[in-house]
Amino acid sequence: IEAISLSRGSYGPVEIIKKDGGGWNLNWAGEQGSREANTDLIDSYLTDLSTLKAERWQRVDRQALQKWGFDQPLLEIRLESPGGESELLLIGSSVPENPGLHYVWNPRRESCALASLAPLESLRRAPFSLRSLRLAPPAQEVFRLKLSASGVGQVELVRPSQNWRVVPGSGGSVEEAPIEL
């Protein structure tokens with residue numbers, strides 16, 4: 001696989017393109033330029049997709065795609081080979097009588113699979129779920145980092161020398177143990 005395109009996800013179209021030297025880049029319409037993707041995660045998802053097993057098959061009536069959720073799929077996944085060939089998978093609605101299964105269809109075929117697709121929610125949250133977890137430049141170039149989370153508040157980390165320290169906010173106290181990043 002040379003490239004993966006995800007559309008219909010939570011944040012719009014995402015393209016994942018294999019880099020010449022290995023690894024993957026992520027392009028998203030919500031940002032300019034490309035970012036490094038989490039290579040291990042992308043490779044894991046490709047393995048999941050290539051080993052996808054159908055629990056059952058159902059014939060698809062192309063005049064009634066809404067029955068399986070293919071009229072408005074949860075996700076469209078296009079896989080492109082180095083030779084320029086591509087395959088499209090539509091991920092439809094969940095199977096009502098089988099929790100954990102979704103309708104998965106390649107429109108070239110007459111039937112859709114009822115299959116478990118473990119990384120579905122993560123793929124739908126792309127690009128955020130697929131970004132590399134590495135902070136931009138190497139950590140020795142970062143001297144101050146602010147983290148915030150809903151319901152938790154904000155924490156500031158500083159690195160005045162070799163060790164990171166937590167800067168206590170509004171009257172709080174913090175232990176002086178070094179932090180490993």
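A quick note: this is a predicted structure, and the numbers were derived from the prediction, not measured.

Engineer: What's the story with helix H1 (residues 39-50) in this structure? I'm lost.
Structural biologist: Because each turn of an α-helix spans 3.6 residues, side chains separated by three or four positions end up pointing in the same direction. Along its twelve residues, H1 runs 16 Å from first to last C-alpha, staying within 8% of the 16 Å computed at 1.5 Å per residue. Buried residues of H1: Ile42, Tyr45, Leu46 and Leu49, and no others. Angularly, the buried residues of H1 cover 100° about the axis, an arc narrow enough to put them on a single face. Where H1 is buried, its residues touch strand E1 (3-7), strand E2 (14-18), strand E3 (24-28), strand E6 (75-80), strand E7 (86-94) and helix H2 (120-124). Looking at where H1 begins, the residue whose side-chain oxygen comes 3.3 Å from the main-chain nitrogen of aspartate 40 is asparagine 38.

Engineer: Before we go on, may I ask you to explain the environment of arginine 108 in this structure?
Structural biologist: Relative to the helices and strands, arginine 108 resides in the loop between strand E8 (102-105) and strand E9 (111-115). As a C-alpha pair, arginine 108 and glutamate 87 span 21 residues in sequence and 8.6 Å in three-dimensional space. Among all residues touching arginine 108, those that are not within four sequence positions of it are Arg62, Ser86 and Glu87. Among the polar contacts made by the side chain of arginine 108, one reaches the side chain of glutamate 87 at a distance of 3.1 Å.

Engineer: What exactly am I supposed to notice about the packing of aromatic side chains here?
Structural biologist: Remark: the centre distance and the inter-plane angle together describe each pair of aromatic rings, the angle taken between the planes. Tallying each qualifying case throughout the model produces two aromatic pairs. Arranged with centres 6.5 Å apart and planes meeting at 20°, the rings of tryptophan 68 and phenylalanine 70 form a pair that is stacked. Accessibility assignment for this pair places tryptophan 68 and phenylalanine 70 in one class, buried. Measuring from centroid to centroid gives 5.1 Å for phenylalanine 70 and tryptophan 105, while their planes differ by 35°, and the two rings are tilted. On the criterion of sequence distance, the pair formed by phenylalanine 70 in the loop between strand E5 (54-59) and E6 and tryptophan 105 in strand E8 is long-range, its members being 35 residues apart. Of the residues examined, phenylalanine 70 reaches a relative accessible area of 4% and is grouped as buried. Following the ring pairs from residue to residue traces out a cluster consisting of Trp68, Phe70 and Trp105.

Engineer: What is the right way to look at the pairing of E2 in this model?
Structural biologist: Side chains on a regular strand alternate between the two faces of the sheet. Relative to E2, E1 runs antiparallel, the two sharing four bridges. Within E2, the residue paired with isoleucine 4 across the bridge is isoleucine 16. The hairpin turn running from E1 into E2, its antiparallel successor, is six residues long, and arginine 8 in that turn takes a positive phi close to 75°. With antiparallel pairing between neighbouring strands as the criterion, E2 and E3 make up a hairpin whose turn holds five residues, including glycine 22 at a positive phi of roughly 105°.

Engineer: Just checking my understanding: could you explain empty space enclosed by the protein for this structure?
Structural biologist: To find leftover empty space, one rolls a probe the size of a water molecule over the atoms. With the rule as written, the count across this model stands at one cavity of 30 Å³ or more. Roughly 50 Å³ of volume is contained in the largest cavity. For the largest cavity, the full set of lining residues is Ile4, Leu6, Ile16, Ile42, Tyr45, Leu46, Leu49, Ile77, Leu123 and Leu130. Of all elements in the fold, only E1 and H1 reach the threshold of two or more residues within the lining of the largest cavity. The element best represented in the lining of the largest cavity is H1, accounting for four residues. In the lining of the largest cavity, the residues fall into ten nonpolar, no polar and no charged.

Engineer: Would you mind going over the sheet that holds E3 with me for this structure?
Structural biologist: Strands pair in a sheet through their backbones, by hydrogen bonds, and they do so in one of two ways: parallel or antiparallel. Spatially, E4-E3-E2-E1-E6-E7-E8-E9-E5 is the arrangement adopted by the nine strands of the open sheet, whose pairing is antiparallel. Strands at the two margins of the open sheet, each flanked by one partner only, are strand E4 (34-36) and E5. The sheet shows a mean angle of 25° between the axes of neighbouring strands, taken without regard to direction. When E7 meets E8, the two strands line up antiparallel, connected through three bridges. When the sheet's bridge partners are listed, isoleucine 91 is paired in E8 with valine 104. Along the sheet face, H1 touches E1, E2, E3, E6 and E7 and points at about 90° away from the line of E3.

Quick notes on the rules
- Residues numbered from 1 in each chain as written.
- Predicted model: local features only at pLDDT ≥ 70, side-chain atom pairs only at ≥ 80, totals over all residues.
- Heavy atoms only, no water.
- Helix = DSSP H or I, 4+ residues; strand = E, 2+ residues; numbered from the N terminus.
- Expected span 1.5 Å × (residues − 1).
- Buried < 20%, exposed > 50% of the residue type's maximum accessible area, 1.4 Å probe, protein only.
- Arc of directions from axis to C-beta.
- Contact = heavy atoms within 4.5 Å.
- Polar contact = N/O pair within 3.5 Å; in protein donor to acceptor, adjacent residues only side chain to side chain.
- Phe/Tyr/Trp six-rings, centres within 6.5 Å; stacked < 30°, edge-to-face > 60°.
- Pairing = 2+ DSSP bridges.
- 1 Å grid on protein atoms, 1.4 Å probe; cavity = no way out; pocket = protein on both sides within 12 Å on 5 of 7 lines; lining within 4 Å.
- Points joined across faces, edges and corners; volume = space filled by probe spheres on them.
- Nonpolar A, V, L, I, M, F, W, Y, C, P; charged D, E, K, R; others polar.
- Axes fitted to C-alpha atoms, helices over the stretch in contact; angles between N-to-C directions.

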